[in-house]
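Working through the structure, step by step
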Amino acid sequence: MAKRTAYVRSVGRFLPEKKLTNSDLEKMVDTSDEWIVTRTGVRERRILEPGLGSSYMAVRAARECLERAGVGPEEVDLIIVGTVTPDMMFPATACLVQNEIGAKNAWGFDLSAGCSGFLFSLSTAAQLIEAGRVNRALVIGSDVITTLIDYTDRNTCVIFGDAAGAVLLEACPEPGFGILDFILHIDGSGGEYLCMKGGGSRRPATHQTVDNKEHFVFQDGRNVFKAAVNEMSNVAAEILEKNGLTGKDITFLIPHQANNRIVEATAKRMGIENGKVIANIGNYGNTVSASVPLGLYEAVVERDPGVKKGDYLVLAAFGAGFTWGSALLRWWEQ
Ligand code: UT7
């Protein structure tokens, strides 16, 4: 019997309306539009209104995803939310989303894997579908990362933005299509280079942790950059080789958007030309776990020509942890 696979039946996203442009940032810190564009590729990013949280965006992305598929919330079996900015330490954002959309038959959880959060969530849900334990899963990447950014720190404040993306996974009706493969890694020795030191059980909030700015993202950009270029391009090339494919076979590369230079290095290593790379960092910045589903949304909904049955897509990500990985999809549609 052919192996059961999961496929992406539908996509959804949420983008906050408020934009923060490079010229806005020029007035806040010692930076320039020229530096930000040439070193990162970001031109503007979105900022969620204060007080709303990741679940607000996740719910809206999930609703669009379900509406596009014509699937009711009560038909969803599983909700996984990839996030490093849950509404609260607990309960899980997945529980808040489940309640808000009315997915009364679903179980679920949050998954913390930095900017690889969506990819790790997608792979986890796909395996539960492959195993026959779950028939329909909502996989969401949602981060209000700007709530953790120090807007006096030019090393981090120019990069990040808020967004959410969602996909609906189901068992693929036809063998040989859907999520065919994934390769995932973690390496905790890189943890210190990209982290938020305060607010967890080791350093709970005190006046001192606030004064020390421990509740903001800390990033040693150069060390993260080196590891990201290396690992993301290697793991994206590896999944091609493992499956007997080359860059020429790929319709779209959908990489995490941390820095244009990392994306370009990955595409080059895979032998993929520019037009086949989804790059939305210019408009949205680094949206952490939302960047890959935003890219998928662009490929499926906004590109013309977009994705058609049989097209190969490669997803790739690298993030805090370190975490990284790639996934190979062969698109299925009716
Ligand atoms: O998403 C998860 C994983 N994250 C990543 O993959 C991010 C990886 N890292 C990066 O993308 C880059 O390292 C950054 C965009 C964060 C920084 O770019 P960089 O080219 O690595 O810059 P750098 O940290 O090596 O700094 C070069 C110079 C420094 O000045 P000096 O010491 O040479 O005088 C910085 O102070 O650029 C300076 N600088 C800036 N100048 C203007 C740093 N940030 C800014 C800024 N505007 N915003």
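Description of the structure in this document. Quick caveat, the model's predicted, so the values are computed rather than measured.

**Here's the deal with the sheet that holds strand β7 (residues 163–171)**
Taking strand neighbours across the sheet as the criterion, the five strands line up as β1-β7-β6-β4-β5 in an open arrangement whose pairing is mixed. On the outer flanks of this sheet lie β1 (6–14) and β5 (107–111), each paired with one strand and no other. Going across the sheet, the axis of each strand differs from the next one's by a mean of 15°, ignoring polarity. Two elements, strand β4 (residues 78–82) and β5, share five bridges in a ladder whose sense is parallel. When the bridges of β5 are listed, V81 appears paired with D110. Against the sheet, helix α3 (residues 54–69) contacts β1, β6 (136–143) and β7, and its axis sits at roughly 125° relative to β1. Against the sheet, helix α4 (residues 93–101) engages β4, β5 and β6, with an angle of about 130° to β4.

**Topic: helix α5 (residues 117–130)**
What sets the pattern is the α-helix's 3.6 residues per turn: residues three or four places apart point alike. For α5, spanning 14 residues, the distance from its first C-alpha to its last is 20 Å, which sits close to the expected 20 Å at 1.5 Å a residue. All buried positions along α5 are accounted for by G117, F118, L119, F120, S121, L122, S123, A125, A126 and I129. At the C-terminal side of α5, G132 shows a positive phi close to 85°.

**Digging into the sheet that holds strand β12 (residues 312–319)**
The sheet built from four strands is open, its strands ordered β8-β13-β12-β11 with mixed pairing. The sheet is open, and its two borders are formed by β8 (178–186) and β11 (250–255), each paired with just one other strand. Direction aside, the axes of adjacent strands within the sheet are offset by 10° on average. In this sheet, strand β13 (residues 323–330) lies alongside β12 in antiparallel orientation, the contact comprising eight bridges. Among the inter-strand pairings, Y312 is bridged to a residue of β13, identified as R330.

**Some details on α4**
Those residues of α4 lying buried are T93, A94, V97 and I101. Axial view of α4: buried residues confined to an arc of 100°, hence all on one face. The secondary structure elements touched by the buried residues of α4 are α3, β4, β5 and β6. One or two steps after α4, the chain reaches G102, where phi turns positive at roughly 80°.

Reading guide: rules and limits
- Residues numbered from 1 in each chain as written.
- Predicted model: local features only at pLDDT ≥ 70, side-chain atom pairs only at ≥ 80, totals over all residues.
- Heavy atoms only, no water.
- Pairing = 2+ DSSP bridges.
- Helix = DSSP H or I, 4+ residues; strand = E, 2+ residues; numbered from the N terminus.
- Axes fitted to C-alpha atoms, helices over the stretch in contact; angles between N-to-C directions.
- Contact = heavy atoms within 4.5 Å.
- Expected span 1.5 Å × (residues − 1).
- Buried < 20%, exposed > 50% of the residue type's maximum accessible area, 1.4 Å probe, protein only.
- Arc of directions from axis to C-beta.

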